[in-house]
Amino acid sequence: MRVLDRKLLRDLGRARAQVATIALVVACGIATFVGSLGTCDSLAATRDRFAAEYRFAEVFSSLERAPDPLLSRVSGIPGVAEAEARLVFDVTILAPGQEVPATARMISLPDSGEPRLNRLHLRRGRRPDPARRDEVLLGEGFADAHGLRPGDRLEAVLNGRRQVLEIAGIALSPEYVFAIRGDSPLPDDRSFAVVWIGRPALAAAFDAEGTFNDVVATLAPGARPDAVAAEVDRLLDPWGGRGAHGRSEQPSWRFLEDEIAEQRAMATTIPPVFLAVAAFLLNVVVGRMVAAQRQQIATLKALGWSDGPIAAHYLAMVAIVVLAGALAGTLLGTWFGRWMTRQYGAFFHFPLLEFRLVPAVPLLAAGTSLVAGALGATAALRGVVRLSPADAMRPPAPRGYRHGLLERLGLARGLSPRSRMLLRQVAGRPLRFVLAVAGIAAALGIVVLGLCWRDALDHVTTVQFSLAERGELAVAFRTPTTTRAVRELARMPGVEEAEGYRAVAVELRSGHRSYRTTILGIPADATLRRLLDDRLRVVRLPESGVLLTRHLAERLGVRAGDAVVADVREGEKPRRDVVVAGVVDDLVGLSAYMEIDALHRLLEEGDVVNGAALRVDPALEGTTRARLLATGGVATVTAKRSALREFERTTSRFILFFTGILTAFAVAIAVGVVYNLARVALQEQAWDLASLRVLGFTRGEVSLLLLAELGATIVAAVPPGLLFGRLAAWAVAAAHPAETFRIPVVVSPGTFARATAVVLAAGAAAALVVRRRIDRLDLVAVLKARE
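Residues numbered from 1 in each chain as written. Predicted model: local features only at pLDDT ≥ 70, side-chain atom pairs only at ≥ 80, totals over all residues. Heavy atoms only, no water.

Would you mind going over the overall build of the protein with me for this structure?
Secondary structure summary: the protein contains 24 helices and 20 strands in total. Scored against the burial criterion, the 787 residues of the protein give a buried share of 54%. Put simply, 81% of the contacts in the protein that link residues at least 6 apart link residues at least 24 apart. Approximately 34,200 Å² of the protein is accessible, and the part contributed by carbon and sulfur atoms is 57%. (Helix = DSSP H or I, 4+ residues; strand = E, 2+ residues; numbered from the N terminus. Buried < 20%, exposed > 50% of the residue type's maximum accessible area, 1.4 Å probe, protein only. Contact = heavy atoms within 4.5 Å. Areas by Shrake-Rupley, 256 points an atom, 1.4 Å probe, with all protein chains shown as cover.)

Here it is as structure tokens:
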């Protein structure tokens, strides 16, 4: 073994605690990168494989009703590879043991029992017998939520007629990987089901023999989805077409896209901060080691060793620390990614979702870490190269002390001698102090980033489910109806207040930009469904014009006063110009809002509504919901309580656990930074501290001098650290604003206090370790002259 190799092992052994903490910081960054990016790749690969193997459609369109022969004309559109027509209706079902009925989307199956497009993966049971009209396939999410198995029965209301259906099998579809209704951004497997039934049975129930109301298509190679969708629209417009669209606007696909993009943003925004902190620590530790080993470096150079091997020796130490952290981070990130993948499997319904780690991911992470570590040690290595043997043999020249700014201004006159020593220690090495403050501030900021998501989720539940949506139930009618229906709902037992609204599907255009969304018309004096600004003040709807959510306005490139074109996607499909009256912040979707009378004028229609918000007696909510679903004109009833419970069960729980892991990583960084800075400070000031002990200072007084500097560094790091945490949270949120559901950046004073307490606790733990080492200082060994 070479001399330098033995020295390397001895150096690593002496600095094992510092090496371990720096490796831990690297491991945290690598784990976040590997876990997030691996999960992102796993989701994308599984989604694409499921879509390809089960022939997921690429163009979708619903309509009022059209004769079956029209399908051949859809198939003949240039760019369409294959088209399939079907019947789709939303109905009410009741599972065994379920007190409140649920909404089910019933989709027809062809006579063969297997669709050509959007094919089904059979989980359990068998496919329905074509000879039996009461057999169905049930989506896995609803089945698991209610413990249903093949052979169980459901009670359904089909076009006003009750019918008992038998579950033949449990199935999955690439169309409903994330089973949500088009009007809801949140999943609710307990209240929303997907059911496949033979087309003859569904057609007979809705008097739809020989017709279809939904069509899906795949594209020929090179075909553009938007061009094909435009031709489909042109063909289906006379038959009540509601607007064709590609996969990018299909609810399940869109939510998956958002989730994948958010994981990718997390993987690319947080790990660089971890690696920057690790680079800083390596610079501090290796720089201190070079300063402490001046005589050893001089001896090696005097014996003929060149600069290259000596610099490579210290680079080897950096490489060992970084690669140890990369290995630990890869293992930890693999566990982290597998856990996240399992959690996604709870509400993304794939035939098989497994964590897949592409070898390039950990290799890229390790390579990036090595580069960061080498850059961190560059300054120290430059000192190795410049150090001549003659200079290195002499002790380093003492620092020049001078009066600091506070002393020159006379502000330090009342300070004690110990306080002046602390002040001069900081003023004598301003760069080191600034770098130490930056390192602790980065650690504090990451702790804030990990903790603030709970604040954001609390804000979401408070604003969306208490302040904005104040009704307990939301009712959607099958077709637009007069406001008389709202008054009838208000008279139902258990209903305390009813408020109608008008929702219309539109495509908003501004120049070459467009987006399909819904304009929601609500009364100017609405109390159950309100718009709030970023300060939670009620936004009053203007008498004319449309209000856009901020992200929708940014997507269209418009602001208040600009005009947009609204292509209405229902009825006679008029095209209207409407002025943007303002921009509002909304947490759910990219939507538009108008005063209901202004919307009626825009559509040139009477006083009609197609939905209502209800405030009901909590004790009668279940009974009221069941009574509403039994009403002929009601299509769906959404309970706020159920939506909130499902949000907390899935999305909220997942985000909180993920950010809990991130917080744990951040705490590890805080401990690593504070501990290493304390150890380096002790190593640098050991001679001074030993001298003070010889001069009669007690151990407590000596410890106080050193730890006061550490405390001052932590206190100075708190304001920039809190600011950095807020900016980091904003950067992560802005990296990819989700279209389906937006989590705002909210950081409460309590979070700032908890994050500060974490760093202070890390400082206290480091202080205890350093205090023990001060007590064990060998005064004779430390004070030996280096001459």
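Quick question: what am I supposed to make of helix H1 (residues 3–14) here?
In an α-helix, one turn spans 3.6 residues; hence positions three or four apart end up facing the same way. Compared with the 16 Å implied by 1.5 Å per residue over 12 residues, the 17 Å span of H1 between its first and last C-alpha is a close match. All of the buried residues in H1 are Leu-4, Lys-7, Leu-8, Asp-11 and Leu-12. Within H1, the buried residues cover an arc of 135 degrees as seen down the axis, which keeps them to one side. Across from the buried face of H1, at angles greater than 90 degrees, the exposed residues are Leu-9 and Arg-14. (Expected span 1.5 Å × (residues − 1). Arc of directions from axis to C-beta.)

Explain the environment of Gly-606 to me, please; I cannot follow it from the model alone.
Relative to the assigned elements, Gly-606 resides in the loop between helix H19 (596–603) and strand E19 (608–616). With 124 residues separating them along the chain, Gly-606 and Thr-482 place their C-alpha atoms 8.1 Å apart.

What am I meant to see in a nonpolar patch on the surface here?
Together, Leu-332, Trp-335 and Phe-657 make up a nonpolar patch on the protein surface, roughly 260 Å² of accessible area in all. Relative to the helices and strands, Phe-657 is located in helix H21 (residues 640–694). On the basis of relative accessibility, which here comes to 35%, the residue Phe-657 falls in the partly exposed class. (Patch = residues over 30% accessible without salt bridge, like charges linked within 9 Å, V, L, I, M, F, W, Y side chains within 5 Å. Salt bridge = Lys/Arg side-chain N within 4 Å of Asp/Glu carboxyl O.)

Explain the pairing of strand E18 (residues 592–595) to me, please; I cannot follow it from the model alone.
Covered by surrounding structure in E18 are Ala-592 and Met-594 together with Tyr-593 and Glu-595, the residues of both alternating faces. Here four bridges tie strand E14 (residues 513–522) to E18, and the two strands are oriented parallel to one another. Among the inter-strand pairings, Gly-521 is bridged to a residue of E18, identified as Met-594. Sheet topology places strand E15 (residues 546–549) next to E18; two bridges connect them, and they run antiparallel. Residue pairing in the sheet places Leu-547 in a bridge with Tyr-593 of E18. (Pairing = 2+ DSSP bridges.)

Can you walk me through a positive patch on the surface in this structure?
On the surface, a cluster of positive charge is contributed by Arg-16, Arg-772, Arg-773 and Arg-776. By the element assignment, Arg-776 lies in the loop between helix H23 (749–775) and helix H24 (779–783). For Arg-776, a relative accessible area of 54% translates into the label exposed. (Lys, Arg positive; Asp, Glu negative; His and termini not counted. Charge placed at Lys NZ, Arg CZ, Asp CG, Glu CD.)

What is the right way to look at helix H2 (residues 16–53) in this model?
With 38 residues, H2 should cover 56 Å at 1.5 Å per step; its first-to-last C-alpha distance of 52 Å lies within 8% of that length. Downstream of H2 by a residue or two, Arg-55 has a phi angle that is positive, lying close to 55 degrees.

Teacher, can you tell me more about the sheet that holds strand E11 (residues 245–246) here?
In a beta sheet, neighbouring strands are held together by backbone hydrogen bonds and run either parallel or antiparallel to one another. Strand order in the open sheet made by the four strands is E2-E10-E1-E11, with antiparallel pairing throughout. Either end of the sheet is taken by a strand with one partner, and the two such strands are strand E2 (80–86) and E11. Lying on the sheet, helix H6 (residues 225–236) is in contact with strand E1 (59–67), E2, strand E10 (211–219) and E11; it crosses E1 at an angle near 10 degrees. (Axes fitted to C-alpha atoms, helices over the stretch in contact; angles between N-to-C directions.)

Quick question: what am I supposed to make of the pattern of salt bridges here?
Pairs may arise between side chains of opposite charge once their charged atoms sit close together. Counted according to the given criterion, the structure contains 37 salt bridges. Among the ionic pairs, Arg-126 bridges to Glu-135, the shortest N-O distance being 2.6 Å. Judged by relative accessible area, which is 39%, Arg-126 ranks as partly exposed. Note that Arg-550 and Asp-585 form a salt bridge whose closest N and O atoms lie 2.9 Å from each other. Taken as a pair, Arg-550 in helix H18 (residues 550–556) and Asp-585 in the loop between strand E17 (575–584) and E18 lie far apart in primary sequence, 35 residues in all. Overall, Arg-550 belongs to the partly exposed group, its relative accessible area being 37%. The exposure class assigned to Asp-585 is partly exposed, which follows from its relative accessible area of 22%. Within the structure, one salt-bridge network assembled from shared partners comprises Asp-233, Glu-507, Arg-509, Arg-516, Asp-567, Arg-569 and Arg-575.

What is the right way to look at the side chain of Thr-32 in this model?
Mapped onto the elements, Thr-32 comes out in helix H2. The contact partners of Thr-32, leaving out residues within four places of it in the chain, are Ile-270, Pro-271, Phe-274 and Phe-665.

Whenever I open this one, the pairing of E14 confuses me. Can you help?
Working note: regular strand, side chains alternate between the two faces of the sheet. Most of E14 is tucked away, with seven of its 10 residues classed as buried. In terms of strand pairing, strand E13 (residues 495–510) meets E14 through nine bridges, oriented antiparallel. Its bridge partner lying in E14, Leu-508 is registered against Tyr-515.

Got a minute to help me understand the nonpolar core in this structure?
Buried together is how nonpolar side chains tend to be arranged in soluble globular proteins. Judged by nonpolar contacts, the single largest core of 72 residues is most densely connected at Phe-274, Ile-440, Leu-449 and Ile-669. Of all the secondary structure elements, the ones that give two or more residues to this core are H2, helix H8 (271–292), helix H10 (307–344), helix H16 (430–468), H21, helix H22 (699–735) and H23. Setting aside residues no more than four positions away along its own chain, Ile-440 makes contact with Val-673, Val-674, Leu-677, Thr-713, Ile-714, Ala-717 and Val-759. (Core = buried A, V, L, I, M, F, W, Y, C linked by side-chain atoms within 4.5 Å.)

Can you walk me through the packing of aromatic side chains in this structure?
To describe a pair of aromatic rings, one takes the distance between the centres and the angle between the planes. Within the structure shown, the criterion is met by nine aromatic pairs. Consider the rings of Phe-255 and Phe-348, whose centres lie 6.2 Å apart with planes at 70 degrees: the pair is edge-to-face. With Phe-255 in helix H7 (residues 251–269) and Phe-348 in the loop between H10 and helix H11 (360–376), this pair connects stretches of sequence that are 93 residues apart. One cation-aromatic arrangement involves Arg-529 over Tyr-501; the distance from NZ or CZ to the ring centre is 4.8 Å. (Phe/Tyr/Trp six-rings, centres within 6.5 Å; stacked < 30°, edge-to-face > 60°. Lys NZ or Arg CZ within 6 Å of the ring centre and 35° of its normal.)

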